[in-house]
Amino acid sequence: LLTYINFCSVKLYVYMQNIFTVSKIIVCVIIIVVGAYCLISNSSTGSSETLISTGFEGTNTEVRSIVLAFYSCLWSYDGCIENVTNEVTKLESAWELRSMRNILLSIVIGVPLVTVIYCFTNVAYMSVLTRSEMNTNATAVAVIFGDKMLGVMSFIMPLGVALSTFGCALSIQFSVTRLCFVAGREGHMMEAFSYIHMRRLTPAPSVILQGLIALVFILAGDIVELIDFASFLIWTFYGTAMVALLVLRKVKKDTHRPFKVQIWTPIFMIFVSLFLILVPIIIHPTSKYFIALALIGVGFLVYVPFVYFKRQPETLIKKFTHVTQKLLEVVPPENQPD
């Protein structure tokens, strides 16, 4: 269903995403208001001692546990605006300033808003639920909160969790498919992945590829293992991206930069990335981390001969492109570089 929505129409995606985002915020606001009421009124159904005194009892302070906790936490806060700037930025100079402004506003408004909502939502949970209730039902804290506080309206919580999960997955797929689209356009993947549907104007080959890859990983493991696996990969590339930023600051000093941050920001991110990458694999090496490294190695082995040295099986690629165009009704975009 996610793949169909992103394949079908960008406008449909935006419409659906707006619905899910508003629904998620409404559910979070309900949780925050109920939690605040219990905390302020000292309601008998509340459990403020969890928030005030016992909330962090039994905390595991092992370094590996802290890293894995960061994986799950940072996964919740992870955004995708940097992956879809191509959808926002207009090539015409008259639109450039407005496009840059929209990107900046989405970050400046979105990150603090998400931070405030998530923090107060957790405060609300700890104002109502005991530690044992949260630990016993760790995979569905919002549902337990609803059962305890909302009575006949408790169905709002599982519905809200479902809408939130679906909306998050929808936005992640939208952003990742644009990465494949740009990689194809820049010659880092087969050119066919940079093609768009003739009528729907969506990067159909990239959408379908991402859907198939996601299906394989869904069948391969549970959500916690997948989050740890994906987070390890994500922070590996975040770190290398920050290294690349420092290098480009040095070798291309005069390049136009619509957004520029202080040099300590990428340096700090490099140290964070190293911490989140090295600690799990050194302290508790498991197969998922080595599989992730193996995937990076495979990508390197593909990149060097086929992209860097441009030794490509042209007949096979042309055949793949021809079949893809016929099967999916896709064509090169108008602004496709030569």
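As the structure is a prediction and not an experimental result, all values here were calculated from the model.

Thresholds applied
- Residues numbered from 1 in each chain as written.
- Predicted model: local features only at pLDDT ≥ 70, side-chain atom pairs only at ≥ 80, totals over all residues.
- Heavy atoms only, no water.
- Phe/Tyr/Trp six-rings, centres within 6.5 Å; stacked < 30°, edge-to-face > 60°.
- Helix = DSSP H or I, 4+ residues; strand = E, 2+ residues; numbered from the N terminus.
- Buried < 20%, exposed > 50% of the residue type's maximum accessible area, 1.4 Å probe, protein only.
- Lys NZ or Arg CZ within 6 Å of the ring centre and 35° of its normal.
- Axes fitted to C-alpha atoms, helices over the stretch in contact; angles between N-to-C directions.
- Left-handed = near helix turned anticlockwise from the far one by under 90°.
- Contact = heavy atoms within 4.5 Å.
- Nonpolar A, V, L, I, M, F, W, Y, C, P; charged D, E, K, R; others polar.
- Polar contact = N/O pair within 3.5 Å; in protein donor to acceptor, adjacent residues only side chain to side chain.
- Salt bridge = Lys/Arg side-chain N within 4 Å of Asp/Glu carboxyl O.
- Arc of directions from axis to C-beta.
- UniProt positions renumbered as here; feature names shortened; annotations may be inferred.
- Parallel < 35°, antiparallel > 145°, perpendicular 65-115°, else oblique.

### A look at the packing of aromatic side chains
Next, step 1: Summed over all chains, the structure comprises 8 aromatic pairs.
Next, step 2: Relative to phenylalanine 166, the ring of phenylalanine 20 lies with its centre 5.0 Å away and its plane at 55°, an arrangement referred to as tilted. Within this pair, whereas phenylalanine 20 is found in helix α2 (residues 10–41), its partner phenylalanine 166 is found in helix α9 (residues 156–185), the two being separated by 146 residues in sequence.
Next, step 3: With relative accessibility at 9%, the residue phenylalanine 20 sits in the buried group.
Next, step 4: Arranged with centres 5.6 Å apart and planes meeting at 35°, the rings of phenylalanine 217 and phenylalanine 229 form a pair that is tilted. Of the two residues, phenylalanine 217 sits in helix α10 (residues 204–220) while phenylalanine 229 sits in helix α11 (residues 223–251), which places them 12 residues apart along the sequence.
Next, step 5: Judged by relative accessible area, phenylalanine 217 falls into the partly exposed class, the value being 32%.
Next, step 6: One cation-aromatic arrangement involves arginine 178 over phenylalanine 174; the distance from NZ or CZ to the ring centre is 3.9 Å.

### Let's talk about the packing of α11 against helix α12 (residues 264–283)
Next, step 1: Direction vectors running N to C along α11 and α12 enclose 150°, while the axes themselves pass 9 Å from each other. As α11 packs across α12, the resulting crossing turns out to be left-handed. Between α11, through Phe232, Trp235, Thr236, Tyr238, Gly239, Met242, Val243, Leu245 and Leu246, and α12, the contact on the second element is made entirely by Pro266, Ile267, Met269, Ile270, Val272, Ser273, Leu276, Ile277 and Ile281.
Next, step 2: Tallied by class, residues from the contact of α11 with α12 come to 15 nonpolar, 3 polar and no charged.

### Section: the side chain of asparagine 6
Next, step 1: In this structure, asparagine 6 sits in helix α1 (residues 2–8).
Next, step 2: At 2.7 Å, the side chain of asparagine 6 and the side chain of glutamine 173 are in polar contact.
Next, step 3: Setting aside its immediate chain neighbours within four residues, asparagine 6 contacts Tyr13, Leu170, Gln173, Phe174, Thr202 and Val207.

### Comments concerning the pattern of salt bridges
When the charged atoms of two side chains lie near each other, side chains of opposite charge can form a pair.
Next, step 1: Tallying each qualifying case throughout the model produces 4 salt bridges.
Next, step 2: Residue glutamate 329 is joined to arginine 199 by a salt bridge in which the shortest nitrogen-to-oxygen separation is 2.9 Å. One end of the pair, glutamate 329, is in the loop between α14 (314–328) and β2 (330–331); the other, arginine 199, is in the loop between β1 (196–197) and α10, and 130 residues separate them in sequence.
Next, step 3: By relative accessible area, which is 33% here, glutamate 329 ends up partly exposed.
Next, step 4: Salt bridges here are not isolated pairs; linked through shared partners, they connect Glu225, Asp228 and Lys288.

### What about helix α8 (residues 141–149)?
Next, step 1: Those residues of α8 that fall on the buried side of the exposure criterion are Val141, Ala142, Phe145 and Gly146. Buried residues of α8, viewed axially, fall in a sector of 140°; they line one side.
Next, step 2: Glycine 151 lies just past α8 and shows a positive phi near 60°.

### A short note on the UniProt feature "transmembrane region" (unreviewed entry) in the protein
Next, step 1: Under the local residue numbering, the UniProt record ascribes the feature "transmembrane region" (unreviewed entry) to residues 19–40, 103–125, 155–181, 201–220, 232–251, 263–283 and 289–309.
Next, step 2: Annotation note: span residues 201–220, helix share 85%, strand share 0%, distance between end C-alpha atoms 32 Å.
Next, step 3: Helix makes up 95% of residues 263–283 and strand makes up 0%, while its end C-alpha atoms are separated by 31 Å.

### Observations concerning unusual backbone geometry
Next, step 1: Phi is positive for leucine 201, which is not a glycine, with a value near 60°.
Next, step 2: Counting through the fold element by element, leucine 201 comes out in the loop between β1 and α10.
Next, step 3: Of note in this structure, glutamate 329 is not a glycine but carries a positive phi near 55°.

### Some details on the environment of cysteine 180
Next, step 1: Here cysteine 180 lies in helix α9.
Next, step 2: On the basis of relative accessibility, which here comes to 12%, the residue cysteine 180 falls in the buried class.
Next, step 3: Through-space distance from the C-alpha of cysteine 180 to that of methionine 190 is 9.4 Å; in sequence the pair is 10 residues apart.
Next, step 4: In this structure cysteine 180 touches Met189, Phe193, Ser206 and Leu209, once residues within four positions along its chain are discounted.

### As for the packing of α9 against α10
Next, step 1: Across the interface, α9 lies against α10 with an axial gap of 8 Å and an inter-helix angle of 120°. In terms of orientation, α9 and α10 fall into the oblique class. The chirality of how α9 crosses α10 is right-handed. In contact with Gln173, Val176, Thr177, Cys180 and Phe181 of α9, α10 contributes Ser206, Val207, Leu209, Gln210 and Gly211.
Next, step 2: Residues of the contact of α9 with α10, tallied by class, amount to 5 nonpolar, 5 polar and no charged.

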